[in-house]
Amino acid sequence: MSSEEKVFISVIVPFCDERESIPLLYESVKRVLEGLGKSYEMIFVDDGSTDGTREILKDLSRRDSSLRVILFRRNFGQSAAMAAGFKVSRGEVVVTMDGDLQNDPDDIPRLLGKVEEGYDVVSGWRKDRKDKLILRRVPSIIANRLICSVTDVHLHDTGCSLKAFRREVIEKIRLYGELHRFIPALARVEGARISEVVVTHHPRRFGKSKYNLSRTFRVLMDLSSLNLFLKYLRNPLRFFGKIGVGFHFLGLLAACWVAYRMFVNKVSLIDLNVLVTSIFLLWVMGFQFLFIGLVASLIVRTGEKRRITLAPFLLYRNEGRDGG
Amino acid sequence: MADKESNKKAAESLGISLIVSLYNFAESVESLYDSVVAAMGEIGESFELVFVDDGSTDSTYEKLVTIAQKDTRVRVVKMRSRFGEASALDAGLRYSKGQRIVYLSGRVRVNPREIPKFIEVLADGKDLVVGWRFPRRDSFLNRWISWVFNVLACRLSKVKLHDINSGIVVTYRTVLEKISFYGDFYNFIPVLAGQQGYRVSEEKIEQLPGSFRKSRYPKEYLQRLLDMVTVFFLSRYSKKPIHFLGFVGTVFMLGGLGIEIYLFIYRILQMGPIAGRPLLILGALLLVIGIQMISIGLLGEMIIFTHAGEIEEYNIEEIIN
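Only a predicted model underlies this, so the values are computations on that prediction, with no experimental measurement involved.

## Comments concerning the overall build of chain B
In terms of regular secondary structure, chain B is built from 11 helices and 8 strands. On C-alpha atoms alone, chain B measures out to a radius of gyration of 25 Å, which is more than a quarter above the 20 Å that the 2.2 N^0.38 rule sets for 321 residues. Referenced to the eigenvectors of the C-alpha coordinate spread, the extents of chain B come out at roughly 90 × 55 × 35 Å. Looking at chain B as a whole, 36% of its 321 residues are labelled buried.

## Some remarks on the interface of chain B and chain A
With 36 residues of chain B at the contact, the number on the chain A side is 44 residues. Broken down by element, the residue count for the side of chain B that touches chain A peaks at 14 residues, all from helix α11 (residues 278-307) of chain B. By residue class, the composition of the side of chain B that touches chain A is 19 nonpolar, 11 polar and 6 charged. Relative to strand β8 (residues 316-320) of chain B, strand β3 (residues 67-72) of chain A runs antiparallel, the two sharing 4 bridges. Within β8 of chain B, the residue paired with Ile70 of chain A across the bridge is Ile319 of chain B.

## What to know about the pairing of strand β5 (residues 121-126) of chain A
All names here are of chain A. The buried count for β5 comes to 5 of 6 residues, which makes it a mostly enclosed element. Sheet topology note: the β5/strand β6 (residues 163-166) ladder contains 3 bridges and is antiparallel. Across the sheet, residue Val121 finds its bridge partner in β6, namely Phe165.

## Brief notes about the domain arrangement of chain A
According to the domain assignment, chain A contains domain 1 (7-232) and domain 2 (237-303). Placing the centre of domain 1 of chain A and that of domain 2 of chain A at their C-alpha centroids yields a distance of 45 Å.

## Section: the packing of helix α2 (residues 29-43) of chain B against helix α3 (residues 60-70) of chain B
Residues and elements named next belong to chain B. Running from N to C, α2 and α3 cross one another at 35°; their axes reach a closest spacing of 10 Å. α2 and α3 meet at a crossing whose hand is right-handed. Residues Val29, Glu30 and Tyr33 of α2 form the contact with α3, whose participating residues are Thr60, Lys63, Leu64 and Ile67. Here the residues of the contact of α2 with α3 sort into 4 nonpolar, 1 polar and 2 charged.

## Some words on the domain arrangement of chain B
Each assigned domain of chain B is listed with its residue range as follows: domain 1 (2-138 + 162-211) and domain 2 (240-308). Placing a centre on the C-alpha atoms of domain 1 of chain B and another on those of domain 2 of chain B gives a separation of 49 Å.

## Thoughts on unusual backbone geometry
Positive phi values are uncommon outside glycine, yet Lys266 of chain A reaches one of about 60°. Inspection of the secondary structure puts Lys266 of chain A in the loop between α9 (237-263) and α10 (273-304). For Lys266 of chain A, a count of 7 C-beta atoms within 10 Å gives the class exposed. A positive phi angle is found at Asn321 of chain B, which is not glycine, with a value near 70°. For Asn321 of chain B, the location among the structural elements is in the segment after β8.

## Remarks on the packing of helix α10 (residues 241-268) of chain B against α11 of chain B
Residue and element names in this part refer to chain B. Between α10 and α11, the shortest axis-to-axis distance is 7 Å and the interhelical angle comes to 160°. In terms of their interaxial angle, α10 and α11 are classed as roughly antiparallel. Relative to α11, α10 is oriented so that their crossing is left-handed. Tallied by class, residues from the contact of α10 with α11 come to 22 nonpolar, 9 polar and 2 charged.

## A few points about the nonpolar core
When a protein is soluble and globular, its nonpolar side chains tend to lie buried together. In this structure, Val11, Phe44, Val95, Leu175 and Leu186 of chain A are the most contacted members of the largest nonpolar core, which totals 100 residues. The element contributing the most residues to this core is α11 of chain B, with 11 residues. Filtering out sequence-adjacent residues up to four positions away, Val95 of chain A remains in contact with Ile9, Val11, Ile108, Leu111 and Ala164 of chain A.

## Comments concerning the sheet that holds strand β7 (residues 194-199) of chain A
The 8 strands are arranged β7(A)-β5(A)-β6(A)-β4(A)-β1(A)-β2(A)-β3(A)-β8(B) in an open sheet whose pairing can be described as mixed. This sheet does not close on itself; its edge strands, each paired only once, are β7 of chain A together with β8 of chain B. Going across the sheet, the axis of each strand differs from the next one's by a mean of 20°, ignoring polarity. In the sheet, strand β1 (residues 7-15) of chain A pairs with strand β2 (residues 40-46) of chain A via 7 bridges, with the strands oriented parallel. Counterpart to Phe15 of chain A in the pairing with β2 of chain A is Asp46 of chain A. On the sheet, helix α1 (residues 21-36) of chain A packs against β1 and β2 of chain A and is oriented at approximately 165° with respect to β1 of chain A.

## Notes on the sheet that holds strand β3 (residues 74-78) of chain B
Note on sheets: strands pair through backbone hydrogen bonds, and any given pair is parallel or antiparallel. All names here are of chain B. Overall, mixed pairing links the 7 strands, which are arranged β3-β2-β1-β4-β6-β5-β7 in an open sheet. Both edges of this open sheet fall to β3 and β7 (200-205), since each of them pairs with a single strand only. Sheet twist, expressed as the average angle between the axes of neighbouring strands with direction ignored, equals 20°. Alignment of strand β5 (residues 128-133) against β7, held across 6 bridges, turns out to be parallel. Bridge pairing in β7 places Arg133 opposite Ile205. In the packing of helix α4 (residues 85-94) onto the sheet, contacts are made with β1 (16-22), β2 (47-53), β3 and β4 (100-105), and the angle to β1 comes to roughly 150°.

## Details of the confidence of the model for chain B
The predicted model of chain B has a mean per-residue pLDDT of 86, with 93% of residues at 70 or higher. Interface predicted TM-score (ipTM) for the complex: 0.79; the corresponding pTM is 0.80.

## Topic: the environment of Ile296 of chain B
Note that Ile296 of chain B resides in helix α11. Here the alpha-carbon distance between Ile296 of chain B and Gln195 of chain B, two residues 101 residues apart in the chain, equals 25 Å.

Conventions used here
Residues numbered from 1 in each chain as written. Chains lettered and ligands numbered in written order. Predicted model: local features only at pLDDT ≥ 70, side-chain atom pairs only at ≥ 80, totals over all residues. Helix = DSSP H or I, 4+ residues; strand = E, 2+ residues; numbered from the N terminus. Rg over C-alpha atoms; globule rule 2.2 N^0.38 Å. Buried ≥ 20, exposed ≤ 12 C-beta atoms within 10 Å, placed from the backbone. Contact = placed C-beta atoms within 7 Å. Nonpolar A, V, L, I, M, F, W, Y, C, P; charged D, E, K, R; others polar. Pairing = 2+ DSSP bridges. Domains from an automatic or database assignment. Axes fitted to C-alpha atoms, helices over the stretch in contact; angles between N-to-C directions. Left-handed = near helix turned anticlockwise from the far one by under 90°. Parallel < 35°, antiparallel > 145°, perpendicular 65-115°, else oblique. Core = buried A, V, L, I, M, F, W, Y, C linked by C-beta atoms within 7 Å. pLDDT = per-residue confidence, 0-100.

So this is what it looks like as structure tokens:
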């Protein structure tokens, strides 16, 4: 298989210390893809495993040329693993899934069906999750609500790794840092149409879950910057400016109150010390936000030519594709 | 064992280039050349030797030219003026051909006789080998400051080395091409390589007596410290500035908020006046700084987001099929 040759579907699976799962996952993905009767490739990304995952992957890839393996020099995180997978993938449709066997490859055809219907991103929905209630599911539900309301992407389960993308979308997505959690939202920035499909979810068979509660803060932070990207990328001054003007307005209100106390109630300025100081601080902050907004618009402008050209909706082209 | 042998063979097929940066080094150029050639003679491999004259004002260049006229393996690159070691290394890389690079800095004088040991370690499956000056022969103050610097750098970067800036680096060309060591990050080559996932190791090397640099100015220490903060920040948070700035900002903001709420309750319960209390100002300023940090973090996020397509945050060792 030459590296330029296009295939119909690429399945990307990032692994990090998942030694036991690989053979099983490989077999089942392979079986499902063979069943499709179309050209395919599997891309297994090793994100700096230290438990022998690398050797197993190398061994498998020697026997099967449809299995492509990317080995990282060290652990760079799931987003990086997915970004690398996206980069080398050649499929018209790209499917991502977890390496821990909790996703079921049998759901892939149904995801493909939705893509055929004309959606650009199809996300799995683990309607019947097999995880611990308090530690995993409750935080996940809260996070999902929050993500939906901020990003305006209405999915029941954005955290599900099993997702399908059209090639055009992954070529535009900017995936870095820890943004793999928000791929649908990132796709929406690029104008993608998004849908979801109920998928099966299995309990964890090997190893331990790598998620924990302490990530909440980082997710919240990412969400706040995502909010900025989604709504104000065109003109960040609208975001920072709003806050700045808000501070100025508060300062003005306080100033009016001080003036009233001074001239009507004849209170001396020294006794209004606290209020006067806060007026100044509010104004300082107000100006600062305005200036930061200006710098932000400068930054966006420098990147604009290349990146910020949002194709409205990617039109579905039905060329020579006859259902999955 | 067979693997080791094949490693060695593969390494030998890649030529060795020695790059030496020099600044006002006239009095010991010849002895340096002699010991490098002697050391390389022990390995018995062919090599090339690139001297980069980083804008010396003494007769270093003339002496180098004399050497180059006698020895065809020697190349001399003269910089127009003093550009610093990072540029010297870059120029050396550009005018050399070998895939294995031995870089020696004229600033720190280590014993070139020990180069073969480094090349051997590299062939053993390492990607980058640095020196560990032992025994050190510079002034007590220098040693002490260097120790503090190393401990700090290693703590921050989680790379376990004793001496990150020993003046000798043995590595592959591909490694140096992958890490951007330009500017003052030059001092952090092993740290940067470690963060890219390369296998970094160290070897003891003797520091030659007699020739130390004069004491540094306090300004230089401050610069090094700031460089370190930059390296730390860029390597860990360059793709997610809000994780760092947002965290610190939130801590400040919560601190400020706590103080103000305390004072508010204090005032409401009529326990006394608060206008003259310094705590009030502290709380207000903490709030301001906190909010500022978060917004600067958001600004950082915007920068990264608009340029995310250009930066690759991972380092692939191998793609199979």
